[in-house]
Amino acid sequence: MGLLKKLDDHLEEYLLIGLLSTAVVLIATQVFMRYVMSSSLSWTEEMARFLFIWLVYIGISYGIKMKRHIKIDAALILLPEKGKKIVWIIADLLFIVFCYFVIKQGMMLVIDLYNYGQTSPALGIPMAYVYLAAPLGLSLAVIRLIQSIIQSIRDFNKSEPQDDEIEASF
């Protein structure tokens, strides 16, 4: 149970740290090779680009988990606290619907790319693995959205934390 809890709490962080660290090493290697050794590696730039794609989609899930994803809240100022919570739940449900369509279309694209056998020019890896970032990242986002909705429903009748309580949580 401890491993599952740790993964639930930190999965995106572990993935993002690994992906970003690898991308930084690859880009630094490319810079070193290009400017110091006067030679260039063809595959490092392509791999860094693919890692960045994965970073973006895993980052969406992380943003949801940390409640830092972009939502327009100008109209929410006018609503009472319970009204705000209802709007947040509806927004999360709409985001799940959006994710569903992206996951569905993304998986169809991944399957097509896998069946066609398209590979990347420098690395020669199947492009299906690169495009798999969208459905997997948004599937993880759906899990985080469901967790957010459940937490919002549990907190529905609780009072809002005061400003000093919010600051203490950071």
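The residue count restarts for each chain, going from 1 along the sequence in the order it is written. The model is predicted, so local features are restricted to residues of pLDDT at least 70 and side-chain atom pairs to those at 80 or more, both for listing and for counting; the totals for chains, interfaces and linings are taken over all residues. Water and hydrogen atoms were dropped before computing side-chain values, which therefore reflect all heavy atoms in the structure.

Any chance you could explain the pattern of salt bridges here in plain terms?
Pairing between side chains of opposite charge can happen when their charged atoms approach one another. A side-chain nitrogen of Lys or Arg and a carboxyl oxygen of Asp or Glu constitute a salt bridge if their distance falls within 4 Å. If you walk through the whole model with that rule in mind, you get six salt bridges. One salt bridge in this structure joins Arg-144 and Glu-12, with 2.7 Å as the shortest N-O distance. Residue Arg-144 is located in helix H5 (residues 133-154), and its partner Glu-12 is located in helix H1 (residues 2-35); the two are separated by 132 residues in the primary sequence. Assigned by exposure class, Arg-144 and Glu-12 land together as buried. Only DSSP runs of H or I covering at least 4 residues are called helices, and only runs of E covering at least 2 are called strands; the numbering of each starts at the N terminus. Relative accessibility thresholds used throughout: buried, under 20% of the residue-type maximum; exposed, over 50%; partly exposed, between the two (1.4 Å probe, protein chains only).

Help me out: how do you make sense of the packing of H1 against helix H2 (residues 42-65) in this one?
Each packed pair of helices is defined by two parameters, the angle between the axes and the distance between the axes. In this analysis an axis means a line fitted to C-alpha atoms, helices contributing only their contacting stretch, and an angle means the value between N-to-C directions, from 0 to 180 degrees. At a closest axis distance of 9 Å, the pairing of H1 and H2 adopts a crossing angle of 155°. The angle between the axes of H1 and H2 places the two elements in the roughly antiparallel class. Crossing hand, H1 versus H2: left-handed. When residues are sorted by character, Ala, Val, Leu, Ile, Met, Phe, Trp, Tyr, Cys and Pro go into the nonpolar class, Asp, Glu, Lys and Arg into the charged class, and all the rest, Gly among them, into the polar class. Among the residues making up the contact of H1 with H2, the classes are represented as 15 nonpolar, six polar and seven charged. These descriptions rest on fixed angle ranges, namely under 35 degrees for roughly parallel, over 145 for roughly antiparallel, 65 to 115 for roughly perpendicular, and the rest for oblique. What makes a crossing left-handed is the near helix being turned counterclockwise from the far one by less than a right angle; a clockwise turn instead makes it right-handed.

Got a minute to help me understand H2 in this structure?
Structural remark: α-helix, 3.6 residues per turn; residues separated by three or four positions point the same way. Take the residue count of a helix, subtract one, and multiply by 1.5 Å to get its expected span. Over its 24 residues, H2 runs 36 Å from end to end, which matches the ideal 34 Å to within 8%, given 1.5 Å per residue. Along H2, the residues that are buried comprise Thr-44, Glu-46, Ala-48, Phe-50, Leu-51, Leu-55, Ile-58, Ser-61, Gly-63 and Ile-64. Contacts from the buried residues of H2 go to H1, helix H3 (81-116), helix H4 (127-131) and H5. Throughout, a contact is declared for two residues whenever any of their heavy atoms are within 4.5 Å.

Would you mind showing me how to read the environment of Glu-12 here?
Among the residues examined, Glu-12 registers a relative accessible area of 0% and is labelled buried. With 48 residues separating them in the primary sequence, Glu-12 and Ile-60 have C-alpha atoms 9.4 Å apart. With sequence-adjacent residues up to four places away left out, Glu-12 is seen in contact with Ile-58, Ser-61, Tyr-62, Lys-65, Leu-140 and Arg-144.

Can you walk me through the confidence of the model for the protein in this structure?
Detail in the predicted coordinates should be disregarded across regions flagged by low pLDDT. One number per residue, pLDDT, summarises how confident the predictor is, and it ranges from 0 to 100. Overall, the prediction assigns the protein a mean pLDDT of 88, with 90% of residues at 70 or greater. Highest mean pLDDT in the protein belongs to H4 (96); lowest belongs to helix H6 (residues 163-169) (47).

Can you walk me through the packing of aromatic side chains in this structure?
To describe a pair of aromatic rings, one takes the distance between the centres and the angle between the planes. Stacked, edge-to-face and tilted are the three classes for Phe, Tyr and Trp ring pairs, Trp counted by its six-membered ring, which pair at centre distances within 6.5 Å; planes under 30 degrees apart are stacked, over 60 edge-to-face, the rest tilted. Tallied over the entire structure, the rule returns two aromatic pairs. Between Phe-95 and Phe-98, the aromatic rings sit 6.2 Å apart at their centres with planes inclined by 40°, giving tilted as the arrangement. Highlighted residues: Phe-95 and Phe-98, both in helix H3, separated by three residues, approximately one helical turn. A relative accessible area of 49% means that Phe-98 is categorised as partly exposed. Taking 5.3 Å as the distance between ring centres and 70° as the angle between the ring planes, the aromatic pair formed by Tyr-100 and Phe-101 counts as edge-to-face.

When you look at a nonpolar patch on the surface in this model, what are you seeing that I'm missing?
Together, Ile-27, Val-31, Phe-32, Tyr-35, Val-36 and Met-37 give the surface a local cluster of nonpolar side chains, amounting to about 640 Å² of exposed area. Within the secondary structure, Tyr-35 is located in helix H1. Judged by relative accessible area, Tyr-35 falls into the exposed class, the value being 64%. Like-charged residues are merged into a patch within 9 Å and nonpolar side chains (Val, Leu, Ile, Met, Phe, Trp, Tyr) within 5 Å, provided each residue has over 30% relative accessible area and no salt bridge. Residue-level accessible areas treat just the shown protein chains as cover; the underlying method is Shrake-Rupley with a 1.4 Å probe.

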